[in-house]
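Geometric and topological summary
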Amino acid sequence: MDMPSYTIGKTVFGSAASIAAAYEHFRVQPIDEVRLAADRTCPFPDVRRTLESEAQVAGVGTFQGSRKQTLTFAPSAKKGWWIRRMDLPEQLDTEMDISNLWTSAQNLVMRSGSPHNYLRMVEHIVALKVGLGVDDVLLKVNSGDPPLFDQSSLPLVKAMEHARISDTAEPASYITVKEPVAFGGGRGDFLLFLPAENGERNLRIDCAISWNTVIGDQRVLFDVTPETFRYAAFARTNATRKQYILAKTVGKLFAATRNWGYNEKNILIHGRRRFYTEPRFPVNGKFLEPVWHRATLDLMAAIALAGPERFVGTVVSYRAGHTLDCDAIRALRRNDLIVPA
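As a starting point, this report considers the structure included with it. (Residues numbered from 1 in each chain as written. Predicted model: local features only at pLDDT ≥ 70, side-chain atom pairs only at ≥ 80, totals over all residues. Heavy atoms only, no water.)

Points about the packing of aromatic side chains
Scanning all chains against the criterion turns up 17 aromatic pairs. Summarising the aromatic geometry, the rings of phenylalanine 26 and tyrosine 318 are spaced 5.9 Å apart at their centres and angled 65° between planes, so their arrangement reads as edge-to-face. On the criterion of sequence distance, the pair formed by phenylalanine 26 in helix α1 (residues 16-28) and tyrosine 318 in strand β24 (residues 313-318) is long-range, its members being 292 residues apart. In this structure phenylalanine 26 comes out as buried when scored by relative accessible area, which is 0%. Judged by centre distance (6.5 Å) and plane angle (50°), the rings of phenylalanine 234 and phenylalanine 281 are tilted. Of the two residues, phenylalanine 234 is situated in the loop between α4 (226-232) and β19 (238-240) and phenylalanine 281 in the loop between β20 (268-270) and β21 (282-283); the sequence distance between them amounts to 47 residues. Given a relative accessible area of 28%, phenylalanine 234 falls into the partly exposed group. (Phe/Tyr/Trp six-rings, centres within 6.5 Å; stacked < 30°, edge-to-face > 60°. Helix = DSSP H or I, 4+ residues; strand = E, 2+ residues; numbered from the N terminus. Buried < 20%, exposed > 50% of the residue type's maximum accessible area, 1.4 Å probe, protein only.)

Here it is, written out as structure tokens:
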């Protein structure tokens, strides 16, 4: 296929010159895998969707690996995705919305009300809102620490399928950006948001990463569909071998890493010249697990925080991460750049 070309548009924050320079690197980077739909119609029914019943999933704690943690997907009569801390019955539910994002420094943490009313690592959960087209969900948890899985977020997908996704009587609503806009970071990274046109009702993502390890340059172009998301949900987060060793040795001295539930099965460990755990998603001599994780379980999570509506259009990401993702979504809201599609 021909290499796609995008309008950079108005720079909302960051350096326009730096974005333009980074775009030239992105533009010539080969696409390693393409998963485009036959057309750009909505891949989900044109009504809001929730769950028929509850479904529970359990695993070792992400940040307290010595404890088993559970979460429960449940139907919701309220629009959007909500977190209910069952161990804090005096607290109100927290909407998974950019306005309730506490921090994006290492992972996305949602919080409202009491400082104790939080949930960490929500990106691997709320990405399902966009990927599976489930608009309204109540997430019940017993702590702020979500479970961790060897199959990344695939057990969450299976749990939601077990709860049975069901249509409501209310029409779905769609949002997009009012014009092409760009956001730049400080390390040659950028995000582009382009509006849905000609009645488009889907989300297209063009995502590229560039690492100075064995991961190297990777790029995927795809339309968000349940099939694509289920495929990508198997992609684990990654860490360099140095990061992993430090966390398991010196990291025992620090609360942030002392009880990590990460091990050599549930993350991809890599170094400058080799992988230290078995990589996934082999395509033409590369292992595209890192870019699929970035595109779906990171970027799509931030997009899910834009509001209870379905975000449509095109998003282009180059070397970006959690903080740029979330800063961009917040800036879209703050500058009234999100409009009904």
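Focus on the packing of helix α2 (residues 123-131) against helix α3 (residues 154-163)
Relative placement of two packed helices is described by the angle separating their axes and the distance separating the axes. Interaxial distance between α2 and α3 falls to 10 Å at its minimum, and their mutual angle equals 50°. What the angle tells us is that α2 and α3 run oblique. Along this stretch, α2 crosses α3, giving a crossing that reads as right-handed. Together, His124, Ile125 and Leu128 of α2 and Leu156, Val157 and Met160 of α3 make up the contact between the two elements. Looking at the contact of α2 with α3 residue by residue, the classes come out as five nonpolar, one polar and no charged. (Axes fitted to C-alpha atoms, helices over the stretch in contact; angles between N-to-C directions. Parallel < 35°, antiparallel > 145°, perpendicular 65-115°, else oblique. Left-handed = near helix turned anticlockwise from the far one by under 90°. Contact = heavy atoms within 4.5 Å. Nonpolar A, V, L, I, M, F, W, Y, C, P; charged D, E, K, R; others polar.)

Side note on the pattern of salt bridges
Per the stated rule, a full pass over the model turns up 20 salt bridges. Lysine 10 is paired through a salt bridge with glutamate 179; the nearest N and O atoms lie 3.4 Å apart. Taken as a pair, lysine 10 in strand β1 (residues 10-13) and glutamate 179 in the loop between β14 (174-177) and β15 (181-184) lie far apart in primary sequence, 169 residues in all. For lysine 10, a relative accessible area of 40% corresponds to the partly exposed category. For glutamate 179, a relative accessible area of 27% gives the class partly exposed. (Salt bridge = Lys/Arg side-chain N within 4 Å of Asp/Glu carboxyl O.)

What about the pairing of β24?
Of all six residues making up β24, six are buried, and the element is well covered by its neighbours. Residues of β24 alternate between two faces, with Gly313, Val315 and Ser317 on one and Thr314, Val316 and Tyr318 on the opposite face, all of them buried. Alignment of strand β17 (residues 203-210) against β24, held across six bridges, turns out to be parallel. Residue pairing in the sheet places aspartate 206 in a bridge with valine 316 of β24. (Pairing = 2+ DSSP bridges.)

Considerations on the packing of α2 against helix α7 (residues 289-304)
Viewed as axis vectors pointing N to C, α2 and α7 meet at an angle of 80°, and their least axial separation amounts to 7 Å. Taken as axis vectors, α2 and α7 run roughly perpendicular relative to one another. Within the contact between the two elements, α2 uses Glu123, His124, Val126, Ala127, Lys129, Val130 and Gly131 and α7 uses His293, Thr296, Leu297, Asp298, Met300, Ala301, Ile303 and Ala304.

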